[in-house]
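Each chain, written out:
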Amino acid sequence: MCSANENNGATSPTVLSENPSDYGSNLKILDSNDQIKELQTIIRDKNTTRSDFKFYADRLIRLVIEESLNQLPYSDCSVITPTGAIYDGLRYRSGNCGVSIIRSGEAMEQGLRDCCRSIRIGKILVESDAETHVAKVVYARFPDDIARRQVLLMYPIMATGNTVIQAVSVLKDHGVKENSIILSNLFCTPVAARMVVTAFPDLKILTSELHPIAPNHFGQKYFGTD
(Lines give C-alpha, C1' and ligand atoms only; values in the text may rest on other atoms or scores of the structure.)
Protein backbone atom coordinates (compact mmCIF):
# COMPACT_ATOMS: atom_id res chain seq x y z
CA MET A 1 0.00 0.00 0.00
CA CYS A 2 1.38 3.41 -0.93
CA SER A 3 1.81 6.02 1.74
CA ALA A 4 0.23 9.44 1.41
CA ASN A 5 3.62 10.91 0.47
CA GLU A 6 4.32 8.63 -2.51
CA ASN A 7 3.80 10.12 -5.96
CA ASN A 8 4.85 7.36 -8.39
CA GLY A 9 8.15 8.97 -9.29
CA ALA A 10 6.77 12.42 -10.07
CA THR A 11 8.34 15.59 -8.74
CA SER A 12 7.44 15.92 -5.07
CA PRO A 13 4.63 18.44 -4.61
CA THR A 14 4.58 21.03 -1.88
CA VAL A 15 3.33 19.35 1.27
CA LEU A 16 0.46 21.30 2.76
CA SER A 17 -0.50 21.22 6.40
CA GLU A 18 -3.28 19.01 7.73
CA ASN A 19 -3.75 21.40 10.66
CA PRO A 20 -7.09 23.21 10.11
CA SER A 21 -5.89 26.29 11.99
CA ASP A 22 -3.43 26.93 9.14
CA TYR A 23 -6.38 27.65 6.81
CA GLY A 24 -8.11 30.31 8.85
CA SER A 25 -10.99 30.36 11.29
CA ASN A 26 -13.64 29.66 8.63
CA LEU A 27 -12.46 26.07 8.06
CA LYS A 28 -14.00 23.85 10.72
CA ILE A 29 -13.61 20.10 11.19
CA LEU A 30 -15.97 17.87 13.14
CA ASP A 31 -14.57 16.95 16.52
CA SER A 32 -12.99 13.57 15.86
CA ASN A 33 -14.07 10.52 17.83
CA ASP A 34 -14.04 6.76 17.34
CA GLN A 35 -17.50 6.75 15.73
CA ILE A 36 -16.53 9.29 13.06
CA LYS A 37 -13.22 7.53 12.39
CA GLU A 38 -15.07 4.22 11.93
CA LEU A 39 -17.48 5.81 9.44
CA GLN A 40 -14.58 7.32 7.50
CA THR A 41 -12.79 3.96 7.49
CA ILE A 42 -15.81 2.06 6.16
CA ILE A 43 -16.33 4.62 3.39
CA ARG A 44 -12.68 4.34 2.34
CA ASP A 45 -12.52 0.52 2.46
CA LYS A 46 -12.61 -0.94 -1.06
CA ASN A 47 -14.27 -4.09 0.30
CA THR A 48 -17.31 -2.24 1.67
CA THR A 49 -20.51 -3.33 -0.08
CA ARG A 50 -22.64 -0.64 -1.70
CA SER A 51 -25.49 -1.11 0.77
CA ASP A 52 -23.11 -0.70 3.73
CA PHE A 53 -21.36 2.19 1.99
CA LYS A 54 -24.60 4.09 1.53
CA PHE A 55 -25.79 3.36 5.08
CA TYR A 56 -22.60 4.59 6.73
CA ALA A 57 -22.16 7.49 4.30
CA ASP A 58 -25.66 8.67 5.23
CA ARG A 59 -24.69 8.55 8.90
CA LEU A 60 -21.61 10.70 8.30
CA ILE A 61 -23.61 13.06 6.10
CA ARG A 62 -26.14 13.54 8.89
CA LEU A 63 -23.38 14.44 11.37
CA VAL A 64 -21.89 16.98 8.94
CA ILE A 65 -25.28 18.50 8.14
CA GLU A 66 -26.16 18.82 11.83
CA GLU A 67 -22.92 20.66 12.53
CA SER A 68 -23.35 22.80 9.41
CA LEU A 69 -26.71 23.93 10.74
CA ASN A 70 -24.93 25.09 13.88
CA GLN A 71 -23.12 27.64 11.70
CA LEU A 72 -26.38 29.30 10.63
CA PRO A 73 -27.53 32.48 12.40
CA TYR A 74 -30.12 32.16 15.16
CA SER A 75 -32.39 34.69 16.85
CA ASP A 76 -33.52 34.76 20.46
CA CYS A 77 -37.15 33.84 21.01
CA SER A 78 -39.51 33.00 23.84
CA VAL A 79 -42.24 30.34 23.78
CA ILE A 80 -45.00 29.34 26.16
CA THR A 81 -44.79 25.74 27.35
CA PRO A 82 -47.83 23.46 27.87
CA THR A 83 -47.66 24.30 31.58
CA GLY A 84 -47.90 28.03 30.85
CA ALA A 85 -44.25 28.77 31.67
CA ILE A 86 -42.12 30.98 29.43
CA TYR A 87 -39.05 29.37 27.90
CA ASP A 88 -36.29 31.54 26.44
CA GLY A 89 -34.78 29.76 23.43
CA LEU A 90 -33.53 30.13 19.87
CA ARG A 91 -34.85 29.72 16.36
CA TYR A 92 -33.26 29.91 12.94
CA ARG A 93 -33.47 33.27 11.24
CA SER A 94 -35.65 33.04 8.14
CA GLY A 95 -34.15 32.54 4.71
CA ASN A 96 -32.03 29.37 4.64
CA CYS A 97 -31.66 27.06 1.65
CA GLY A 98 -29.51 24.22 0.39
CA VAL A 99 -27.66 23.95 -2.92
CA SER A 100 -26.18 20.65 -4.06
CA ILE A 101 -23.41 20.31 -6.61
CA ILE A 102 -24.57 17.60 -9.02
CA ARG A 103 -24.11 14.68 -8.80
CA SER A 104 -22.34 13.66 -5.62
CA GLY A 105 -23.76 16.62 -3.71
CA GLU A 106 -27.24 15.19 -4.21
CA ALA A 107 -26.28 12.41 -1.80
CA MET A 108 -26.46 15.00 0.97
CA GLU A 109 -29.91 16.37 0.14
CA GLN A 110 -31.89 13.83 2.16
CA GLY A 111 -29.74 14.48 5.21
CA LEU A 112 -30.61 18.17 4.98
CA ARG A 113 -34.30 17.46 4.47
CA ASP A 114 -34.28 15.13 7.49
CA CYS A 115 -33.11 18.08 9.59
CA CYS A 116 -35.08 20.88 7.88
CA ARG A 117 -38.37 19.52 6.58
CA SER A 118 -39.44 22.37 4.32
CA ILE A 119 -36.07 23.73 3.21
CA ARG A 120 -35.70 24.64 -0.46
CA ILE A 121 -32.83 23.08 -2.40
CA GLY A 122 -31.20 24.37 -5.57
CA LYS A 123 -28.71 22.63 -7.84
CA ILE A 124 -25.49 23.39 -9.70
CA LEU A 125 -23.87 21.22 -12.37
CA VAL A 126 -20.14 21.78 -12.93
CA GLU A 127 -18.34 19.90 -15.70
CA SER A 128 -14.71 19.82 -16.79
CA ASP A 129 -13.77 20.39 -20.42
CA ALA A 130 -12.49 17.14 -21.94
CA GLU A 131 -9.49 18.84 -23.52
CA THR A 132 -8.58 21.70 -21.19
CA HIS A 133 -9.90 20.13 -17.95
CA VAL A 134 -11.16 23.59 -16.97
CA ALA A 135 -14.25 23.39 -14.77
CA LYS A 136 -17.29 25.42 -15.77
CA VAL A 137 -20.89 25.71 -14.63
CA VAL A 138 -23.31 24.31 -17.23
CA TYR A 139 -26.54 24.37 -15.20
CA ALA A 140 -27.80 26.22 -12.14
CA ARG A 141 -31.26 26.37 -10.57
CA PHE A 142 -31.86 28.41 -7.42
CA PRO A 143 -34.75 29.91 -5.45
CA ASP A 144 -35.60 33.31 -6.93
CA ASP A 145 -34.63 35.10 -3.72
CA ILE A 146 -31.36 33.22 -3.10
CA ALA A 147 -29.45 36.51 -2.83
CA ARG A 148 -31.23 37.10 0.50
CA ARG A 149 -30.66 33.59 1.86
CA GLN A 150 -28.08 31.72 3.89
CA VAL A 151 -26.85 28.89 1.64
CA LEU A 152 -25.67 25.42 2.64
CA LEU A 153 -23.59 24.32 -0.37
CA MET A 154 -23.35 20.52 -0.38
CA TYR A 155 -20.40 18.68 -1.94
CA PRO A 156 -19.01 15.57 -0.23
CA ILE A 157 -15.55 15.19 -1.80
CA MET A 158 -13.26 18.16 -2.35
CA ALA A 159 -10.01 16.96 -3.93
CA THR A 160 -8.80 20.01 -5.86
CA GLY A 161 -11.29 22.75 -5.02
CA ASN A 162 -11.95 23.63 -8.68
CA THR A 163 -15.57 22.52 -8.70
CA VAL A 164 -16.40 24.35 -5.49
CA ILE A 165 -14.71 27.53 -6.72
CA GLN A 166 -16.90 27.50 -9.83
CA ALA A 167 -20.03 26.81 -7.78
CA VAL A 168 -19.34 29.60 -5.29
CA SER A 169 -18.59 31.98 -8.16
CA VAL A 170 -21.99 31.36 -9.74
CA LEU A 171 -23.70 31.82 -6.36
CA LYS A 172 -21.96 35.16 -5.98
CA ASP A 173 -22.99 36.06 -9.53
CA HIS A 174 -26.58 35.53 -8.34
CA GLY A 175 -26.06 38.00 -5.50
CA VAL A 176 -25.29 35.61 -2.64
CA LYS A 177 -22.85 37.12 -0.15
CA GLU A 178 -19.69 35.10 0.39
CA ASN A 179 -20.15 35.10 4.16
CA SER A 180 -23.67 33.72 3.67
CA ILE A 181 -22.36 30.46 2.17
CA ILE A 182 -21.50 27.39 4.25
CA LEU A 183 -19.84 24.51 2.41
CA SER A 184 -20.95 21.16 3.87
CA ASN A 185 -18.27 18.60 2.98
CA LEU A 186 -17.26 15.10 4.06
CA PHE A 187 -13.64 14.81 2.88
CA CYS A 188 -11.29 17.65 1.97
CA THR A 189 -7.64 17.62 0.88
CA PRO A 190 -5.18 20.29 2.02
CA VAL A 191 -4.75 21.33 -1.63
CA ALA A 192 -8.48 21.96 -1.99
CA ALA A 193 -8.69 23.73 1.36
CA ARG A 194 -5.88 26.10 0.40
CA MET A 195 -7.42 26.88 -3.01
CA VAL A 196 -10.89 27.56 -1.66
CA VAL A 197 -9.94 29.63 1.40
CA THR A 198 -7.56 31.67 -0.76
CA ALA A 199 -10.26 32.35 -3.36
CA PHE A 200 -13.05 32.95 -0.83
CA PRO A 201 -11.71 33.89 2.61
CA ASP A 202 -15.20 34.69 3.96
CA LEU A 203 -16.70 31.33 2.94
CA LYS A 204 -17.34 28.94 5.83
CA ILE A 205 -16.28 25.30 5.32
CA LEU A 206 -17.43 22.42 7.50
CA THR A 207 -15.82 19.03 6.82
CA SER A 208 -15.25 15.76 8.66
CA GLU A 209 -11.64 15.30 7.62
CA LEU A 210 -8.61 17.10 6.17
CA HIS A 211 -6.45 14.45 4.49
CA PRO A 212 -4.23 14.39 1.37
CA ILE A 213 -6.06 11.39 -0.13
CA ALA A 214 -9.75 11.88 -0.91
CA PRO A 215 -12.13 8.93 -1.54
CA ASN A 216 -12.92 10.02 -5.09
CA HIS A 217 -15.01 6.90 -5.68
CA PHE A 218 -17.71 8.31 -3.38
CA GLY A 219 -20.28 9.37 -5.99
CA GLN A 220 -20.01 6.22 -8.10
CA LYS A 221 -20.23 3.96 -5.04
CA TYR A 222 -23.09 5.86 -3.43
CA PHE A 223 -25.27 5.88 -6.56
CA GLY A 224 -24.21 2.40 -7.72
CA THR A 225 -22.50 3.49 -10.93
CA ASP A 226 -19.04 2.09 -10.14
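Nothing here was measured: the structure is a model prediction, and the numbers come from that model.

Asker: When you look at the state of the cysteines in this model, what are you seeing that I'm missing?
Answerer: Any covalent bond linking the sulfur atoms of two cysteines counts as a disulfide. Inspection of every chain in the model, using the stated rule, returns zero disulfides. Cysteine Cys 77 is unpaired, with the sulfur of Cys 116 as its nearest cysteine sulfur at 15 Å. Here Cys 116 stays unpaired: no disulfide links it, and the sulfur of Cys 115, its closest cysteine neighbor, is 6.0 Å away. Cys 116 gets classed as buried once you look at its relative accessible area, which sits at 13%.

Asker: Teacher, can you tell me more about unusual backbone geometry here?
Answerer: Keep in mind that most residues, glycine aside, have a negative phi and that most peptide bonds are trans. Geometrically, the link from Ile 102 to Arg 103 is a cis peptide bond, its omega value of 5° lying close to zero. Within the fold, Arg 103 resides in the loop between strand S4 (96-102) and helix H3 (109-115).

Asker: For this particular structure, what's the right way to read the pattern of salt bridges?
Answerer: When the charged atoms of two side chains with opposite charge come close together, those side chains can pair. Counted according to the given criterion, the structure contains ten salt bridges. Here Asp 58 ties to Lys 54 by a salt bridge, and the two come within 3.4 Å at their closest N and O atoms. Taken together, the positions of Asp 58 and Lys 54, both in helix H2 (residues 50-69) and four residues apart, correspond to about one turn of that helix. Note that Asp 145 is salt-bridged to Arg 149, the shortest N-O span being 2.7 Å. According to the relative accessible area criterion, Asp 145 is partly exposed, its value standing at 22%.

Asker: I tried to follow the sheet that holds strand S9 (residues 181-184) on my own but got confused; where do I start?
Answerer: Hydrogen bonds between backbone groups are what pair the strands of a sheet, and the pairing can be parallel or antiparallel. Spatially, S1-S11-S9-S7-S4-S5-S6 is the arrangement adopted by the seven strands of the open sheet, whose pairing is mixed. Either end of the sheet is taken by a strand with one partner, and the two such strands are strand S1 (27-29) and strand S6 (135-141). Taken over all neighbouring pairs, the strand axes of this sheet differ in orientation by 25° on average, direction set aside. In terms of strand pairing, strand S7 (residues 150-154) meets S9 through four bridges, oriented parallel. Each residue of the ladder has a partner; that of Leu 153, found in S9, is Leu 183. Of the strands in this sheet, S4, strand S5 (120-128), S6, S7 and S9 touch helix H4 (residues 162-173), which is tilted by about 130° from S5.

Asker: Can you walk me through the packing of H4 against helix H5 (residues 190-199) in this structure?
Answerer: Two quantities define a packed helix pair, namely the angle between the helix axes and the distance between the axes. Look at H4 against H5: their axes get within 9 Å of each other, and the N-to-C directions meet at 20°. Here H4 lies roughly parallel to H5, going by the angle between them. You can see that H4 and H5 cross each other, and the crossing is right-handed. Contact residues: H4 offers Asn 162, Val 164 and Ile 165, while H5 offers Met 195, Val 196 and Ala 199.

Asker: I would appreciate a short explanation of helix H1 (residues 34-44) in the present structure.
Answerer: Since one α-helical turn is 3.6 residues long, residues separated by three or four positions face the same way. For H1, every residue scored as buried is listed here: Ile 36, Leu 39, Gln 40, Ile 42 and Ile 43. Down the axis of H1, the buried set is contained in an arc of 160°. They therefore lie on one face. Where H1 is buried, its residues meet H2, strand S10 (187-188), strand S12 (209-210) and helix H6 (218-223). Measuring from the side-chain oxygen of the N-cap residue of H1 to the backbone nitrogen of Gln 35 gives 3.1 Å; that N-cap residue is Asn 33.

Asker: Looking at this model, I keep getting lost on the packing of H1 against H2. Mind explaining?
Answerer: Running from N to C, H1 and H2 cross one another at 140°; their axes reach a closest spacing of 9 Å. Classified by the interaxial angle, the pair formed by H1 and H2 is oblique. Considering only the axes of H1 and H2, their crossing is left-handed. Counting all contacts with H1, which are made through Gln 35, Ile 36, Leu 39, Gln 40, Ile 42 and Ile 43, the residues of H2 involved are Phe 53, Tyr 56, Ala 57, Arg 59, Leu 60 and Leu 63. Taken together, the residues that form the contact of H1 with H2 break down as nine nonpolar, two polar and one charged.

Asker: So what exactly am I meant to see when it comes to the pairing of S6 here?
Answerer: Where a strand is regular, its side chains alternate between the two sheet faces. As defined by bridge partners, S5 adjoins S6 across six bridges and the pair is classed as antiparallel. Across the sheet, residue Ser 128 finds its bridge partner in S6, namely Ala 135.

Asker: What is the right way to read the pairing of strand S2 (residues 74-80) from this model?
Answerer: Pairing geometry for S2 and strand S3 (residues 86-92), over seven bridges, is antiparallel. Within S3, the residue paired with Val 79 across the bridge is Tyr 87. Connecting S2 to the next strand, S3, in antiparallel fashion are five residues, including Gly 84 with a positive phi near 90°.

Asker: In this structure, what is going on with the sheet that holds S12? I would like to understand it.
Answerer: Taken together, three strands build an open sheet; the order of strands is S8-S10-S12 and the sheet is parallel. Each having just a single partner strand, strand S8 (157-158) and S12 make up the two edges of the open sheet. In this structure, S8 lies alongside S10, joined through two bridges in parallel fashion. Considered in S10, the bridge of Met 158 is made with Cys 188.

Cut-off values and rules
Residues numbered from 1 in each chain as written. Predicted model: local features only at pLDDT ≥ 70, side-chain atom pairs only at ≥ 80, totals over all residues. Heavy atoms only, no water. Disulfide = S-S within 2.5 Å. Buried < 20%, exposed > 50% of the residue type's maximum accessible area, 1.4 Å probe, protein only. Helix = DSSP H or I, 4+ residues; strand = E, 2+ residues; numbered from the N terminus. Salt bridge = Lys/Arg side-chain N within 4 Å of Asp/Glu carboxyl O. Pairing = 2+ DSSP bridges. Axes fitted to C-alpha atoms, helices over the stretch in contact; angles between N-to-C directions. Contact = heavy atoms within 4.5 Å. Parallel < 35°, antiparallel > 145°, perpendicular 65-115°, else oblique. Left-handed = near helix turned anticlockwise from the far one by under 90°. Arc of directions from axis to C-beta. Polar contact = N/O pair within 3.5 Å; in protein donor to acceptor, adjacent residues only side chain to side chain. Nonpolar A, V, L, I, M, F, W, Y, C, P; charged D, E, K, R; others polar.

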